[in-house]
Amino acid sequence: MLSLMVVEPAESEADLLASMLRTVSEDSPHLPTMAIVSERSMSAALTTFATSKPNLVLIGPGAAADVVPSDLDRLRALAGMEPIPTILAGGDRDELLDRALALGADETLAAPYDLREVHLKLCALARLARFGASLLGQRDRIRQSHDGLLGEQASVRRMFGNLSRESCLNESSAIRHHLSPQALLNGDVAAAAWGPGGKLIMLLGDFTGHGLAAAVGTVPLTAAFYSMVPKGFALPRILQELNSKLHRLLPANMFCCVLLLELDTHKRRLRIFNGGMPGACLRRASGRVRQFESRQLPLGVLAELDVAPAIVHVPVEKGDALYLWSDGLAELYSSGGEPFGQRRIVEVITRIKEGQGRFDGVLDEAFRFAACQADDLSLVELDLDRAVAEATSRAPVRTRLPDYRVGEWSARFTLGPGELRDADPLPPLLDVLAQAPGAAWFRDTLTIVLGELFRNALEHGVIGLDSSIKSSEQGFAEYYHELHRRRRALREGWIQVAVKCHGRGSGGVLEVVVDDSGPGFPASWSRSGSYAGRGLPLLRSVCRTLELQYGSSRVRALIDWGRPVDRGIQAAENPA
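Okay, so let's go over this structure. Small disclaimer: the values here were computed from a predicted structure and weren't measured.

**Regarding the overall build of the protein chain**
Now for step 1: If you tally the helices and strands in the protein chain, you get 18 helices and 21 strands.
Now for step 2: Buried residues in the protein chain amount to 51% of all 576 residues.
Now for step 3: Pairs at least 24 apart in sequence give 72% of the contacts found in the protein chain among residues at least 6 apart.
Now for step 4: Surface summary for the protein chain: the accessible area is close to 26600 Å², and the carbon and sulfur share equals 52%.

This is the structure in structure tokens:
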């Protein structure tokens with residue numbers, strides 16, 4: 001039904017116009033039923049407009065003389081978004097046209113009235129009214145859908161916030177990060193967590209696309225990351241699990257470019273994996289810069305990914321800082337269409353000296369350069385000196401563990417060539433040991449001791465690598481390349497791990513013995529170079545006693561907790 005309002009002070013003229021409109025409506029199959037309301041003046045029409053809500057206003061010849069443009073402006077303001085056509089009726093055609101143009105009316109209807117002309121105009125205006133109503137309906141549906149989308153996005157953001165509670169990104173003074181989504185939700189993801197033994201694991205990922213579709217992929221990625229890091233899994237094992245999970249869950253057109261790094265704060269060693277990301281940048285205190293380009297496909301592309309050869313091993317020096325970023329930073333474009341580019345990022349990192357704010361400098365130059373942001377962008381800075389210091393203050397290495405009753409127990413494991421070649425056996429071993437009474441109290445210390453002894457047995461005993469290879473930064477990288485090659489070819493050898501807890505009351509000793517099938521500790525061993533020989537000093541700083549003999553592959557370590565209890569455990573310090 002159409003609602004029409006006739007504004008005319010003369011009652012006879014108002015009745016004539018209403019009767020004409022009613023006749024045309026009743027005789028036309030194209031017009032809906034009309035409800036006609038009459039008002040004597042524009043002021044009255046404006047007063048009753050909100051209640052009558054007409055679809056069309058016809059202003060008769062008597063009222064047209066008194067109408068001013070502001071009256072029609074107020075009329076349209078009351079209608080809001082809905083179009084309300086206005087027609088000036090009566091009088092000479094030319095005078096009506098001039099008057100309509102002056103007032104801003106939509107149509108004219110000159111006397112004498114032709115019912116055919118009235119019919120045409122009403123049909124056109126009825127179509128306009130229906131079109132306006134349709135637009136308003138679509139607007140309301142879009143608004144409702146948009147409100148629902150905003151609510152869903154808010155829920156997703158809260159969920160992402162809950163996932164990040166396990167992160168140390170905001171707690172660590174060694175890490176600065178900036179993530180800027182192109183849409184409301186971010187397809188870039190940054191995660192960081194401390195693992196056992198003072199290891200910092202950090203991830204920067206970039207999913208295909210941006211917005212909600214890309215952001216959904218960050219949930220399984222971070223869930224797996226924060227589940228595996230506290231258990232002490234090695235970098236290759238974490239990468240394989242992340243790749244496998246994303247390959248199962250993501251559609252074929254989605255993948256995740258990723259930078260994953262592990263900082264061993266005790267041995268000052270950095271391991272970096274780059275799969276499809278822009279090259280990470282390590283800036284030395286001397287100003288020298290080294291970039292780590294992508295050496296493997298992004299995660300989720302293949303069902304299985306050989307990640308170990310793509311991991312780069314780097315010794316950490318005093319004053320080092322590492323910078324990671326997603327391609328959205330390099331792909332910021334100027335008003336002339338020029339990209340910011342990798343070269344500019346590296347130039348800023350190289351140019352700005354220590355303490356002058358490289359992180360802020362990169363962002364400032366990038367946003368001054370850019371006219372618009374076309375993709376999610378991220379930048380992460382890791383101050384390696386601060387990370388090492390933070391690891392020491394966060395979980396200081398102690399030669400004596402807290403007073404706690406842990407009972408008496410022992411466990412022994414033997415690992416053959418298959419486990420040594422294909423598996424990451426330390427996390428499962430630590431999980432088993434953690435089930436022993438009170439073992440959680442010394443999990444971190446046990447991780448350091450068992451991890452160092454196990455790696456020495458594998459690398460130097462079973463595989464037979466010489467630490468002197470690590471006499472330079474280049475030799476450091478060659479050492480781990482050769483370790484990976486020989487480990488994959490391993491067909492014989494074994495490592496045996498025995499852990500025994502001697503305790504009574506609130507004190508005792510944890511005994512760790514590691515033996516292997518290798519030739520034993522060389523009599524001519526000496527520390528060679530700044531990148532080798534860091535394991536034994538670390539063990540001696542943690543253990544009360546460290547026993548090893550030249551020519552023997554057996555190493556025995558004793559760790560105190562609480563008040564020392566002499567249970568007949570003899571320990572002789574090795575002169576080495």
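**Comments concerning the packing of aromatic side chains**
Now for step 1: Per the counting criterion, the structure on display carries three aromatic pairs.
Now for step 2: An angle of 80 degrees between the planes, with centres 5.1 Å apart, marks the rings of Phe225 and Tyr226 as edge-to-face.
Now for step 3: Its relative accessible area of 0% is what places Phe225 among the buried residues.
Now for step 4: Ring centres of Tyr479 and Tyr480 lie 5.0 Å apart, and the angle between their planes is 75 degrees; on these two criteria the pair is classed as edge-to-face. Each member of the pair, Tyr479 as well as Tyr480, carries the same accessibility label: buried.

**Looking at the sheet that holds strand β3 (residues 56-59)**
Now for step 1: With parallel pairing, five strands are arranged side by side in an open sheet as β2-β1-β3-β4-β5. Looking at which strands have only one partner, the edges of the open sheet turn out to be β2 (34-39) and β5 (107-109). Within the sheet, the average angular offset between the axes of one strand and its neighbour, ignoring direction, is 25 degrees.
Now for step 2: In this structure, strand β1 (residues 2-7) lies alongside β3, joined through four bridges in parallel fashion. Residue pairing in the sheet places Leu4 in a bridge with Leu56 of β3.
Now for step 3: Contacting β1, β2, β3, β4 (86-89) and β5, helix α1 (residues 11-27) runs over the sheet at an angle of about 170 degrees to β2.
Now for step 4: This element, helix α5 (residues 93-103), spans β4 and β5 of the sheet and lies at about 145 degrees to β4.

**Notes on the environment of Met254**
Now for step 1: Here Met254 is to be found in the loop between α9 (235-249) and β9 (256-264).
Now for step 2: Residue classification places Met254 among the buried residues on the basis of a relative accessible area of 12%.
Now for step 3: Considered as a pair, Met254 and Ala213 are 41 residues apart in the sequence and their alpha carbons are 9.4 Å apart.
Now for step 4: When near neighbours in sequence (up to four residues on either side) are disregarded, Met254 contacts Phe207, Thr208, Ala213 and Ala214.

**As for α9**
For an α-helix, 3.6 residues make a turn, and residues three or four places apart therefore share a direction.
Now for step 1: With 15 residues, α9 should reach 21 Å at 1.5 Å per residue; the first-to-last C-alpha distance of 21 Å fits that figure.
Now for step 2: Every buried residue belonging to α9 is among Leu235, Pro236, Ile238, Leu239, Leu242, Asn243 and Leu246, and all of these are buried. Here the buried residues of α9 occupy an arc of 160 degrees about the axis, which is enough to place them on one side.
Now for step 3: Those residues of α9 that are buried are in contact with β8 (199-207), α8 (218-228), β9 and β10 (269-275).

**Some thoughts on a negative patch on the surface**
Now for step 1: Residues Asp92, Asp94, Glu95 and Asp98 make up a contiguous surface patch of negative charge.
Now for step 2: Tracing the sequence through the fold places Glu95 in helix α5.
Now for step 3: Among the residues examined, Glu95 registers a relative accessible area of 56% and is labelled exposed.

**Describing the sheet that holds strand β12 (residues 289-292)**
Each strand in a sheet pairs with another by means of backbone hydrogen bonds, the pair being arranged parallel or else antiparallel.
Now for step 1: Taken in spatial order, the five strands make up an open sheet running β6-β15-β14-β11-β12, and their pairing is antiparallel. Strands at the two margins of the open sheet, each flanked by one partner only, are β6 (175-180) and β12. The sheet shows a mean angle of 15 degrees between the axes of neighbouring strands, direction not considered.
Now for step 2: Both β6 and strand β15 (residues 377-383) contribute to a ladder of six bridges, which runs antiparallel. Each bridged residue has a counterpart across the sheet, and for His178 the counterpart in β15 is Leu379.

**Remarks on the packing of α8 against α9**
Helix packing for two helices is described by the angle between their axes and how far apart those axes are.
Now for step 1: Where α8 meets α9, the closest approach of the two axes is 10 Å, and the angle between their N-to-C directions is 150 degrees. With respect to α9, the axis of α8 lies roughly antiparallel. Crossing of α8 over α9 shows right-handed handedness. Facing α8, whose interface residues are Pro220, Leu221, Ala224, Phe225 and Met228, α9 presents Arg237, Ile238, Glu241, Leu242, Lys245, Leu246 and Leu249.
Now for step 2: Tallied by class, residues from the contact of α8 with α9 come to nine nonpolar, no polar and three charged.

**What about the nonpolar core?**
It is characteristic of soluble globular proteins that their nonpolar side chains tend to be buried jointly.
Now for step 1: Formed by 42 residues in total, the largest nonpolar core has its most connected members in Leu420, Val449, Leu450, Leu453, Ile495, Val512 and Val514.
Now for step 2: Examining the composition of this core, we find that nine residues originate from one element, helix α16 (residues 443-462), more than from any other.
Now for step 3: Leaving out residues up to four positions away in the same chain, Leu453 has contacts with Val512, Val514, Leu539, Val555 and Ala557.

**Some details on the side chain of Arg556**
Now for step 1: Examined against the element boundaries, Arg556 turns out to sit in strand β21 (residues 555-562).
Now for step 2: Looking at Arg556, the relative accessible area reads 9%, which means it is buried.
Now for step 3: A distance of 2.6 Å separates the side chain of Arg556 from the side chain of Glu511, its partner in a polar contact.

**What to know about helix α4 (residues 69-79)**
Now for step 1: Here α4 has its buried residues at Asp71, Leu72, Leu75 and Ala79. Mapping the buried residues of α4 onto a view down its axis gives an arc of 95 degrees, with all of them on the same face. For α4, exposure combined with an orientation more than 90 degrees from the buried face picks out Arg74 and Ala77.
Now for step 2: Turning to α4, the residues buried within the fold contact α2 (42-52), β3, β4 and α5.
Now for step 3: Directly beyond the C-terminal end of α4, a positive phi value near 70 degrees is found at Gly80.

Reading the values: rules and limits
Residues numbered from 1 in each chain as written. Predicted model: local features only at pLDDT ≥ 70, side-chain atom pairs only at ≥ 80, totals over all residues. Heavy atoms only, no water. Helix = DSSP H or I, 4+ residues; strand = E, 2+ residues; numbered from the N terminus. Buried < 20%, exposed > 50% of the residue type's maximum accessible area, 1.4 Å probe, protein only. Contact = heavy atoms within 4.5 Å. Areas by Shrake-Rupley, 256 points an atom, 1.4 Å probe, with all protein chains shown as cover. Phe/Tyr/Trp six-rings, centres within 6.5 Å; stacked < 30°, edge-to-face > 60°. Pairing = 2+ DSSP bridges. Axes fitted to C-alpha atoms, helices over the stretch in contact; angles between N-to-C directions. Expected span 1.5 Å × (residues − 1). Arc of directions from axis to C-beta. Patch = residues over 30% accessible without salt bridge, like charges linked within 9 Å, V, L, I, M, F, W, Y side chains within 5 Å. Salt bridge = Lys/Arg side-chain N within 4 Å of Asp/Glu carboxyl O. Lys, Arg positive; Asp, Glu negative; His and termini not counted. Charge placed at Lys NZ, Arg CZ, Asp CG, Glu CD. Parallel < 35°, antiparallel > 145°, perpendicular 65-115°, else oblique. Left-handed = near helix turned anticlockwise from the far one by under 90°. Nonpolar A, V, L, I, M, F, W, Y, C, P; charged D, E, K, R; others polar. Core = buried A, V, L, I, M, F, W, Y, C linked by side-chain atoms within 4.5 Å. Polar contact = N/O pair within 3.5 Å; in protein donor to acceptor, adjacent residues only side chain to side chain.

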